2 protein chains.
Amino acid sequence: MAMPKSLIPLGQSIKKQRELLGLSQEKLADRCGFDRTYISMLERGKRNPSLLNLLRLADGLETSVSQLTEVFNGTESDR
Amino acid sequence: MAMPKSLIPLGQSIKKQRELLGLSQEKLADRCGFDRTYISMLERGKRNPSLLNLLRLADGLETSVSQLTEVFNGTESDR
């Protein structure tokens with residue numbers, strides 16, 4: 001089952017939390033040990049991160065993977 | 001950066017939910033379009049699933065990624 005649009009909500013969720021913390025993409029990248037372009041791609045829904053990367057990201061964003069992925073809750077039910 | 005033990009809680013969470021639904025690994029694999037060995041590896045914390053795979057898995061488990069990853073929240077017994 002292809003879910004091409006599924007990564008967009010994560011990107012929005014990341015960006016929202018990053019801005020809430022007043023962090024630039026670069027600063028967040030530094031915190032996580034990622035490249036700034038990876039953060040940029042994630043925020044645009046262009047990357048499909050692994051769980052370990054999500055955990056690092058959540059850590060840098062001072063939140064949890066659970067919280068970051070809450071945007072997907074309920075979207076699975078409309079079919 | 002390797003976080004070798006980080007995937008174990010996810011595996012436990014998957015297994016718990018699968019058994020709650022009374023599904024075999026094979027049946028769950030069928031639901032998600034995965035191989036049974038992939039489910040087996042996940043449950044033993046031997047795979048680092050991507051977000052898209054987690055979404056498929058959560059769907060097959062009739063839950064959400066948020067719920068499946070709550071085990072990483074590090075807080076008390078909030079479920």
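This text gives an overview of the structure that appears in the document. Please read these numbers as outputs of a predicted model, since none were measured by experiment.

Let us now look at unusual backbone geometry. All names here are of chain A. Even without being a glycine, Glu-62 presents a positive backbone phi close to 55°. Residue placement: Glu-62 occurs in the loop between α4 (51–60) and α5 (65–68). Here Glu-62 falls in the exposed class, since its relative accessible area comes to 53%.

Each partner contributes residues to the interface: chain B has 24 residues there, and chain A has 23 residues. Together, the buried faces of chain B and chain A total about 2000 Å²; carbon and sulfur atoms form 64% of this surface. Taken as a group, Leu-51, Leu-55 and Asp-59 of chain B account for 28% of the area that chain B buries against chain A, more than any other trio of residues on that side. Put simply, chain B and chain A have 11 residue pairs in polar contact (both at pLDDT 80 or more) between them.

What counts, and at which threshold
- Residues numbered from 1 in each chain as written.
- Chains lettered and ligands numbered in written order.
- Predicted model: local features only at pLDDT ≥ 70, side-chain atom pairs only at ≥ 80, totals over all residues.
- Heavy atoms only, no water.
- Helix = DSSP H or I, 4+ residues; strand = E, 2+ residues; numbered from the N terminus.
- Buried < 20%, exposed > 50% of the residue type's maximum accessible area, 1.4 Å probe, protein only.
- Contact = heavy atoms within 4.5 Å.
- Buried area = accessible area lost by both parts, 1.4 Å probe.
- Polar contact = N/O pair within 3.5 Å; in protein donor to acceptor, adjacent residues only side chain to side chain.

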